[in-house]
Amino acid sequence: NLVEEISAMQDLLLLEVRIYRNGSVLRANLYFKSRRDNLIFRNYRASDAIALAAYFDVPIKVRKTLFEETIEE
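Residues numbered from 1 in each chain as written. Predicted model: local features only at pLDDT ≥ 70, side-chain atom pairs only at ≥ 80, totals over all residues. Heavy atoms only, no water.

**Q** What am I meant to see in the overall build of the chain here?
**A** For the chain, the count of helices and strands is 3 helices and 4 strands. The order of α-helices and β-strands along the chain, N terminus first, is α-β-β-β-α-β-α. Overall size of the chain, expressed as C-alpha extent along the three principal axes, is 45 × 25 × 20 Å. Looking at the chain residue by residue over its 73 residues, the buried ones come to 25%. (Helix = DSSP H or I, 4+ residues; strand = E, 2+ residues; numbered from the N terminus. Buried < 20%, exposed > 50% of the residue type's maximum accessible area, 1.4 Å probe, protein only.)

Next comes the structure, spelled out in structure tokens:
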């Protein structure tokens, strides 16, 4: 897996994925930890981020209001 190899080379650990709505699409921020810094990769496709989170078994966080908005529509 390319992402796994890159993460290992850079000593990155995926901590969590946070999903949010951006207009009519879902986006995600990916939170990584390295030896020196915490990194946030912003505005990625939610589907890709969810697949990564599932693969690495990390939490996927979604605000409750996102579900409430969907139900109301």
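Right, picking up where we left off after that structure.
**Q** What is the right way to look at the pattern of salt bridges in this model?
**A** Between side chains of opposite charge, a pair can form as their charged atoms come close. The full count for this structure, using the stated rule, is 4 salt bridges. Linking Arg 18 and Glu 16 is a salt bridge whose minimum nitrogen-to-oxygen distance equals 2.4 Å. On the basis of relative accessible area, Glu 16 is assigned to the buried category, the value being 11%. Between Arg 45 and Asp 48 there is a salt bridge, with its nearest N and O atoms 3.0 Å apart. (Salt bridge = Lys/Arg side-chain N within 4 Å of Asp/Glu carboxyl O.)

**Q** I keep staring at the sheet that holds strand S2 (residues 25–33) and nothing clicks. Help me out?
**A** Whenever strands of a sheet pair, they do so through backbone hydrogen bonds, lying parallel or antiparallel. Strand order in the open sheet made by the 4 strands is S3-S2-S1-S4, with mixed pairing throughout. Both outer strands of the open sheet, strand S3 (38–45) and strand S4 (60–62), are each paired with one neighbouring strand and no more. Here the average twist between neighbouring strands, direction ignored, is 20°. Relative to S4, strand S1 (residues 13–22) is paired through 3 bridges, and the arrangement is parallel. Looking across to S4, one finds that Arg 18 is bridged to Lys 61. Each of S1, S2, S3 and S4 touches helix H2 (residues 46–56); the most contacted strand, S1, lies at about 150° to it. (Pairing = 2+ DSSP bridges. Axes fitted to C-alpha atoms, helices over the stretch in contact; angles between N-to-C directions. Contact = heavy atoms within 4.5 Å.)

**Q** I tried to follow the side chain of Ser 34 on my own but got confused; where do I start?
**A** Structurally, Ser 34 can be placed in the loop between S2 and S3. By relative accessible area, which is 15% here, Ser 34 ends up buried. When near neighbours in sequence (up to four residues on either side) are disregarded, Ser 34 contacts Gln 10, Asp 11 and Leu 12.

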